[in-house]
Amino acid sequence: MTRLIVVRLLQLPLILAAIFAITFTLAWVVPGNPLENDDGRRPPPEVIEAMKRQYNLDSPASFLSGYLSGLAQGDLGPSLIYRDQTVGDIIASGLPVSATLGAAALAFAFVFGTLAGVVGSLFPRTPLDLSSSIVSLIGISLPSFVTGSVMLAVFAGLLGWLPPGGWRDSPAQVILPAITLGFIPAAYVARLVRLGLADVMRSDYVRTAIAKGRSRHGALFGHALKVALLPVLSFLGPAAASAMTGSFVVEKIFNIPGLGEYFVAAARDKDQFLILGIVLVYSTMLVVFNIVVDATYAFVDPRIRVG
């Protein structure tokens, strides 16, 4: 297992280099000019040419050379659309917000999804199992902007139980956006746990434990649940990276100053520096979370550790 983790860590620079090359190519060929403002304030042509030379935007080779030189020194470059801000400053301000929201959403998805899956497995073909399946189906089917809008209208507008949005005023502001962001992965977790338990509970070692006097509940929690969580861990790897970087839709609905809005603005206005910086952060988190999932396998299933 240690050897596998070391190999994955050695592969990390190669994976990031491949992602960087693809992102750089796409960011460069997309039409647009970040130096001209859409609201009508356009610099004179000579100013635009000077800015292109300053930021190495006159050719992809010069831009790539300058960007890699700065990246080697830990400089992600300036933002072309957020003046007087560097990409590092934007990521430093937006990533903690998105990461906090993503961690809360992931915790909700894991806890709620696991509970729903366990309840469905313990009480098969009952109203509880049916309710769990219906909630999972709704969670998978509804997009985030529908879920967020409904929850905002009901719990913040109609009932007034929770604040409608914002970020810095109260910890309660995290609840609605976290549930909205975590509802879809929670539905997938519930289905994975339900199906995994149904399969593991039919295995020989679980049936042997029950035949020796172990209750069904005891066999489920003592033997089957840990194995049934393996597919959940595989799903939570990329889901964690996605949730940690935030969701533009959820952040927009609840007025949260996270990283998602910056990324959409960068893609819309072709801010190459900001696009590359955010993609590198997202890619690093994605690969690291998958490595953490691989390491967690050994603690969940002893057969993997022995192998």
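Structure: above.
Residues numbered from 1 in each chain as written. Predicted model: local features only at pLDDT ≥ 70, side-chain atom pairs only at ≥ 80, totals over all residues. Heavy atoms only, no water.

Scanning the protein from N- to C-terminus turns up 14 helices and zero strands. Going from the N terminus to the C terminus, the protein shows its helices and strands as α-α-α-α-α-α-α-α-α-α-α-α-α-α. Across its three principal directions, the C-alpha atoms of the protein cover 85 × 55 × 30 Å. Counting over 307 residues, the protein shows a buried share of 42%. For the protein, the exposed area adds up to about 16100 Å²; of that, 66% sits on carbon and sulfur atoms. Distance between charge centres in the protein, computed from 22 positive and 19 negative side chains, equals 17 Å. (Helix = DSSP H or I, 4+ residues; strand = E, 2+ residues; numbered from the N terminus. Buried < 20%, exposed > 50% of the residue type's maximum accessible area, 1.4 Å probe, protein only. Areas by Shrake-Rupley, 256 points an atom, 1.4 Å probe, with all protein chains shown as cover. Lys, Arg positive; Asp, Glu negative; His and termini not counted. Charge placed at Lys NZ, Arg CZ, Asp CG, Glu CD.)

To continue, consider unusual backbone geometry. Despite not being glycine, Asn255 shows a phi value in the positive range, around 55°. You can see Asn255 is positioned in the loop between helix H11 (248–253) and helix H12 (259–269). Even without glycine at this site, Lys270 takes up a positive phi of about 60°.

In this section: the pattern of salt bridges. Taken as a whole, this structure holds one salt bridge when the rule is applied. Asp269 is paired through a salt bridge with Arg268; the nearest N and O atoms lie 3.4 Å apart. (Salt bridge = Lys/Arg side-chain N within 4 Å of Asp/Glu carboxyl O.)

Right, let's talk about the packing of helix H5 (residues 127–141) against helix H7 (residues 175–200) for a bit. Running from N to C, H5 and H7 point in directions that differ by 135°, and their axes come no closer than 8 Å. When the interaxial angle is binned, H5 and H7 end up oblique. Two packed elements cross with a definite hand, and for H5 against H7 that hand is left-handed. Side by side, H5 and H7 meet where Asp129, Val135, Ser136, Ile138, Gly139 and Ile140 of the first sit next to Phe183, Ile184, Ala187, Tyr188, Ala190, Arg191 and Arg194 of the second. Looking at the contact of H5 with H7 residue by residue, the class counts come to eight nonpolar, two polar and three charged. (Axes fitted to C-alpha atoms, helices over the stretch in contact; angles between N-to-C directions. Parallel < 35°, antiparallel > 145°, perpendicular 65-115°, else oblique. Left-handed = near helix turned anticlockwise from the far one by under 90°. Contact = heavy atoms within 4.5 Å. Nonpolar A, V, L, I, M, F, W, Y, C, P; charged D, E, K, R; others polar.)

With that settled, the discussion passes to H12. Residues spaced three or four apart along an α-helix point in a common direction, a consequence of the helix completing one turn every 3.6 residues. Listed as buried for H12 are Leu259, Gly260, Tyr262, Ala265, Ala266 and Asp269. Lys270 lies just past H12 and shows a positive phi near 60°.

Right, let's get into the packing of helix H4 (residues 87–122) against H5. For the pair H4 and H5, the least separation of the axes is 8 Å and the interaxial angle reads 145°. Taken as a pair, H4 and H5 cross one another with a handedness that is left-handed. On H5, the residues that touch Phe112, Ala116, Gly117, Val119 and Gly120 of H4 are Leu128, Asp129, Ser132 and Val135. Tallied by class, the residues present in the contact of H4 with H5 amount to five nonpolar, three polar and one charged.

On to the environment of Thr147, then. When you line up the elements, Thr147 lands in helix H6 (residues 144–158). According to the relative accessible area criterion, Thr147 is buried, its value standing at 8%. When the C-alpha positions of Thr147 and Gln73 are compared, they lie 43 Å apart, and in sequence the two are 74 residues distant. The contacts of Thr147, once residues within four sequence positions are left out, are Leu142, Thr180 and Phe183.

Now for the environment of Ile81. Along the chain, Ile81 turns up in the loop between helix H3 (60–72) and H4. Owing to a relative accessible area of 23%, Ile81 belongs among the partly exposed residues under this scheme. Distance from Ile81 to Phe273, taken between C-alpha atoms, is 9.8 Å for residues 192 residues apart in sequence. If sequence neighbours within four positions are ignored, Ile81 has contacts with Pro34, Ala265, Ala266, Asp269 and Asp271.

Position of Val249 among the secondary structure elements: in helix H11. When the C-alpha atoms of Val249 and Ser144 are compared, they prove to be 7.0 Å apart, with 105 residues separating the residues in sequence. Apart from the residues within four sequence positions on either side, Val249 is in contact with Ser144 and Phe145.

Attention now moves to a nonpolar patch on the surface. Judged by side-chain polarity, Ile22, Leu26, Val29 and Val30 come together as a nonpolar surface patch covering roughly 370 Å² of accessible area. The topology assignment puts Ile22 in helix H1 (residues 2–29). For Ile22, a relative accessible area of 52% translates into the label exposed. (Patch = residues over 30% accessible without salt bridge, like charges linked within 9 Å, V, L, I, M, F, W, Y side chains within 5 Å.)

Among the nonpolar cores identified, the biggest contains 28 residues, and Phe63, Tyr67, Ile91, Phe273 and Leu274 are the most heavily contacted of them. Counting only elements with at least two residues in this core, the list comes to H1, H3, H4, H12 and helix H13 (272–300). In terms of residue count, the dominant contributor to this core is H13 (nine residues). Not counting residues within four places of it along the chain, the set of residues in contact with Phe63 comprises Phe24, Trp28, Tyr55, Asn56, Leu57, Gln272, Phe273 and Leu276. Core analysis: the next-biggest nonpolar cluster, separate from the first, contains 19 residues, Ala219, Leu225, Val232 and Ala240 among them. (Core = buried A, V, L, I, M, F, W, Y, C linked by side-chain atoms within 4.5 Å.)

The subject of this paragraph is H5. An ideal rise of 1.5 Å per residue puts 21 Å on 15 residues; H5 measures up with 21 Å between its terminal C-alpha atoms. For H5, every residue scored as buried is listed here: Asp129, Ser132, Ser136 and Gly139. End-on view of H5: buried residues confined to an arc of 95°, all on one side of the axis. Along H5, the residues that are exposed and aim more than 90 degrees away from the buried face are Pro127, Leu130, Leu137 and Ser141. Here the buried face of H5 lies against H4 and H7. (Expected span 1.5 Å × (residues − 1). Arc of directions from axis to C-beta.)

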